[in-house]
Amino acid sequence: MLFFSYFKELVGKEVTVELKNDLAITGILHSVDQYLNIKLENTRVVDETKYPHMLSVKNCFIRGSVVRYVQLPPDGVDVEILHDATRREARGS
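The shown structure was predicted, so the numbers you read here are calculated from the model rather than taken from an experiment.

A. Examining the overall build of the chain more closely. Secondary structure summary: the chain contains two helices and five strands in total. Taken from N to C terminus, the helices and strands of the chain fall in the order α-β-β-β-β-β-α. The burial tally for the chain puts 33% of its 93 residues in the buried class. For the chain, long-range pairs separated by at least 24 residues make up 49% of all intrachain contacts whose partners lie at least 6 apart in sequence. Of the roughly 6,200 Å² of accessible surface on the chain, 54% is carried by carbon and sulfur atoms. For the chain, the distance from the average site of its 12 positive side-chain charges to the average site of its 13 negative ones is 5 Å.

B. Expanded view of the sheet that holds strand β2 (residues 24-32). The strand order β4-β3-β2-β1-β5 describes an open sheet built from five strands, whose pairing is antiparallel. Two strands lie at the open edges of the sheet, namely β4 (59-62) and β5 (67-71), each paired on one side alone. Going from strand to strand, the sheet's axes swing by 40° on average, the running direction of each strand aside.

C. Inspection of the environment of Val 11 at higher detail. Within the fold, Val 11 resides in the loop between α1 (2-9) and β1 (14-19). Among the residues examined, Val 11 registers a relative accessible area of 41% and is labelled partly exposed. Considered as a pair, Val 11 and Arg 87 are 76 residues apart in the sequence and their alpha carbons are 23 Å apart. When neighbours within four sequence positions are excluded, Val 11 is seen to be in contact with Leu 29, His 30 and Ser 31.

Here is what the cut-offs are and how they apply
- Residues numbered from 1 in each chain as written.
- Predicted model: local features only at pLDDT ≥ 70, side-chain atom pairs only at ≥ 80, totals over all residues.
- Heavy atoms only, no water.
- Helix = DSSP H or I, 4+ residues; strand = E, 2+ residues; numbered from the N terminus.
- Buried < 20%, exposed > 50% of the residue type's maximum accessible area, 1.4 Å probe, protein only.
- Contact = heavy atoms within 4.5 Å.
- Areas by Shrake-Rupley, 256 points an atom, 1.4 Å probe, with all protein chains shown as cover.
- Lys, Arg positive; Asp, Glu negative; His and termini not counted.
- Charge placed at Lys NZ, Arg CZ, Asp CG, Glu CD.
- Pairing = 2+ DSSP bridges.
- Axes fitted to C-alpha atoms, helices over the stretch in contact; angles between N-to-C directions.

If you want it as structure tokens, here you go:
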């Protein structure tokens, strides 16, 4: 739940999602659910020469189980929120 609540704070910000098949997609985070499924809008592929067939995709839904990394915007990382959420989770409340 720690990551889910944190990702909910990032809705509306630009993130880059790297998939397990090495495809990296950048877009505006539209929504995320408890399984860390991600919906992106205004997407673009990081390596367009390697994945030219993805150029026409503007919105996408990404299943959480295929995500390798999510790169966050530098201004999107609020360390205090992460510390508080980690403490709450450690206490079990």
